[in-house]
Amino acid sequence: MALIEGHAGEQAVAALSGFGTDVMFTLNGGHIWPLYDAARNQGMRVIDTRHEQSAAFAAEAYAKLTRRPGFAALTAGPGITNGVSAVTSAHFNGSPVVVLGGRAPQGRWGAGSLQELDHVPILQSITKMAATVTDAEQAGTMVHEAARLAIEPHRGPTFLDFPLDVFGPSSGDVPAVVADVGRGVTPDSDAVEALARLVAGAERPALLVGSDVYWDGAWEELEAAATALGVPCFFNGMGRGLLPADHDLAFLRTRGLLKRRADVVVVLGTPLDFRLGFGSFGAATVAHAVDAESQRAGHVDVLTVVGDLRQTLAGLAGYGGDRVDHTGWIAELREAELHAAAGEVALMEAEGDPIKPSRIYGELRKRLERDAVVICDGGDFASYAGKFIEVFEPGGWLDTGPYGCLGNGLGYAIAARVVRPSSQVVLLLGDGAAGFSLMDVDSLVRHGLPVVMIVGNNGMWGLEKHPMQAIYGWDMACDLQPGCRYDEVVRSLGGGGETVESPAEIGPALDRAFASGVPYLVNVLTDPGDVYPRSSNLA
């Protein structure tokens, strides 16, 4: 314990600092000024945004890139409700975000103070903890508990609000952070052994690796398990990059073969949701390894191992029993992977006019460094990123996740540049998604955070327009302004940018963007007739 003098805000910031959190993302509001006072006194960096949704998304991206609690400070009432969609995304992504909010004074509750709203019932269903701090002396203990709970598997956001009259002069204890904080339970050894036998005895097994393997910091154990058992790996969410894309056992383009050819699929650290066919892979036997009991799938009955994914994977790596030689299966997949990659060349070099989105990715791939952070915010245009972008390091891929909430892009980019000051940060935006948060380019400019932004501009909500046409023969509320100059918005806010109308212009424009040293948007006018080949069953 450490006794913190001053006020409840000092305790709150000290508690988060104990977990290694060194940045607050916020939008100014009088209800939370004591948190700013504490950040100023304790040397915590403060990044303010133009919308609370961006602040909360930035806190989530900070958590994703550091594997520490992200911190968003949101003022009372609309400040907190503006952040709700981003908090919900963190909930679905299992991201450890601590949201501290302001609140109207408790001593005058019910009299109609400015922005008087009981936030807790609103936040309860999308957080692991939602409560009001009513005793100033307990502020440090409660924030410490919120941060500890956020990083404990299964991870997720937590919320506390502070009435104005709790921020008066006070002192209180802040607990120390224990060494093994954030580690999951030890998995059952018999279940791990059964999983290892299943993989080792299969003719054509595969591992499908998701975000919770990243959250558990288990990439070394993953490589050891895959190598020891000779099993190919496919990736989902932040699982991308846990094996570098050029690793012998890493596969990007051939996931469709899992339903047609695999006899065992082990899903590691991601839900059996719509992204994975709800856990169905053709005739394959499916097994599931999750970081907490809450993640056990209730809609299918499969072998499930619950607990720390580092230990689960270490158990697979240490399996000493008999095993089938998977060399032929890996060679089959590699041949299919190379064939698929060869088929992509024509798409990524497409000369057509108007521009095919795939050509943008062909030019971008030539310029991405191995430690680049690629951020996706959009529908069809961002989906092409999942198809064509190769990720080589953990934390190199940030997408919105299964909740599918647009508007994450600028908040994610803000945090990515703060956390990774020397890496390329590339934000891929659909033109629809750009409308949610592009004003936060101002935040990038004010805080000196250069980011390369690429807008795939087809003048429509493509993810909706093409399916509506296919189903109804007509569409409605799907059209955006053709050729909208999003680059001029960025230039007006102090960044740089340009519009690209021909394939040959894409590469030089990207070179200028990477060399600019400012937030720079390349606005690429793409083919409105191009349809992403989507096959997921969303429901």
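Just above sits the structure.
Residues numbered from 1 in each chain as written. Predicted model: local features only at pLDDT ≥ 70, side-chain atom pairs only at ≥ 80, totals over all residues. Heavy atoms only, no water.

K.L.:
Any chance you could explain the overall build of the protein here in plain terms?
P.N.:
Secondary structure assignment for the protein yields 21 helices and 19 strands. Compactness check: the protein gives a C-alpha radius of gyration of 24 Å against a globular reference of 24 Å for 539 residues, within 12% of the reference. Relative to its full complement of 539 residues, the protein shows a buried share of 58%. Nonlocal contacts in the protein, meaning residues at least 24 apart in sequence, comprise 76% of its contacts between residues at least 6 apart. (Helix = DSSP H or I, 4+ residues; strand = E, 2+ residues; numbered from the N terminus. Rg over C-alpha atoms; globule rule 2.2 N^0.38 Å. Buried < 20%, exposed > 50% of the residue type's maximum accessible area, 1.4 Å probe, protein only. Contact = heavy atoms within 4.5 Å.)

K.L.:
For this particular structure, what's the right way to read the side chain of His31?
P.N.:
Turning to its location among the elements, His31 is positioned in the loop between β2 (23–26) and α2 (33–42). For His31, a relative accessible area of 7% puts it in the buried group. Setting aside residues no more than four positions away along its own chain, His31 makes contact with Thr75, Ala76, Gly102, Arg103, Ala104, Leu114, Gln115, Leu164 and Phe167.

K.L.:
In this structure, what is going on with the sheet that holds strand β15 (residues 397–398)? I would like to understand it.
P.N.:
Strand pairs in the sheet, formed through backbone hydrogen bonds, run parallel or antiparallel to each other. The strand order across the open sheet formed by 6 strands is β15-β14-β16-β17-β19-β18, and the pairing between neighbours is parallel. Single-partner strands in this sheet number two, and they are β15 and β18 (496–500). With 5 bridges joining them, strand β14 (residues 373–377) and strand β16 (residues 425–430) adopt parallel strand pairing. Within β16, the position partnered with Cys376 by the bridge is Leu428. Those strands touched by helix α14 (residues 357–367) are β16, β17 (452–457) and β19 (520–525), and its axis lies near 175° from that of β16. (Pairing = 2+ DSSP bridges. Axes fitted to C-alpha atoms, helices over the stretch in contact; angles between N-to-C directions.)

K.L.:
Sorry, what's going on with the pairing of β19 here?
P.N.:
Regular strands have side chains that alternate between both faces of the sheet. Within β19, 5 of the 6 residues are buried, leaving the element largely enclosed by the surrounding structure. Judged from the 6 bridges that link them, β17 and β19 form a sheet pairing that is parallel. Residue Ile454 lies in a different strand from β19, and its bridge partner there is Val522. As defined by bridge partners, β18 adjoins β19 across 5 bridges and the pair is classed as parallel. Across the sheet, the residue bridging to Glu498 is Val522, located in β19. The handedness of the β18 to β19 crossover, carried by helix α21 (residues 506–516), is right-handed. (Right-handed = clockwise from strand over helix to strand, strands pointing away.)

K.L.:
For this particular structure, what's the right way to read the pattern of salt bridges?
P.N.:
Side-chain pairs of opposite charge can arise where the charged atoms are in close proximity. The tally for this structure, following the rule as stated, stands at 32 salt bridges. Across the pair Asp161 and Arg103 runs a salt bridge, and its minimum N-O distance is 2.9 Å. Here Asp161, found in strand β7 (residues 158–163), pairs with Arg103, found in strand β5 (residues 97–103); they are 58 residues apart in sequence, far enough to count as distant. Of the residues examined, Asp161 reaches a relative accessible area of 0% and is grouped as buried. With its nearest N and O atoms 3.0 Å apart, the salt bridge here joins Arg253 to Glu344. (Salt bridge = Lys/Arg side-chain N within 4 Å of Asp/Glu carboxyl O.)

K.L.:
So what exactly am I meant to see when it comes to helix α10 (residues 219–229) here?
P.N.:
Every α-helix winds through 3.6 residues per turn, so residues three or four apart in the chain are directed the same way. For α10, the complete set of buried residues consists of Glu221, Leu222, Ala225, Ala226 and Leu229. Buried positions in α10, seen along its axis, are confined to an arc of 130° and lie on one side of it. In α10, the exposed residues that point more than 90 degrees away from the buried face are Glu220 and Thr227. Along its buried surface, α10 packs onto α8 (189–201), β9 (205–209), β10 (233–235), β11 (264–268) and α12 (309–317). Just past α10, the residue Gly230 takes up positive phi, approximately 60°. (Arc of directions from axis to C-beta.)

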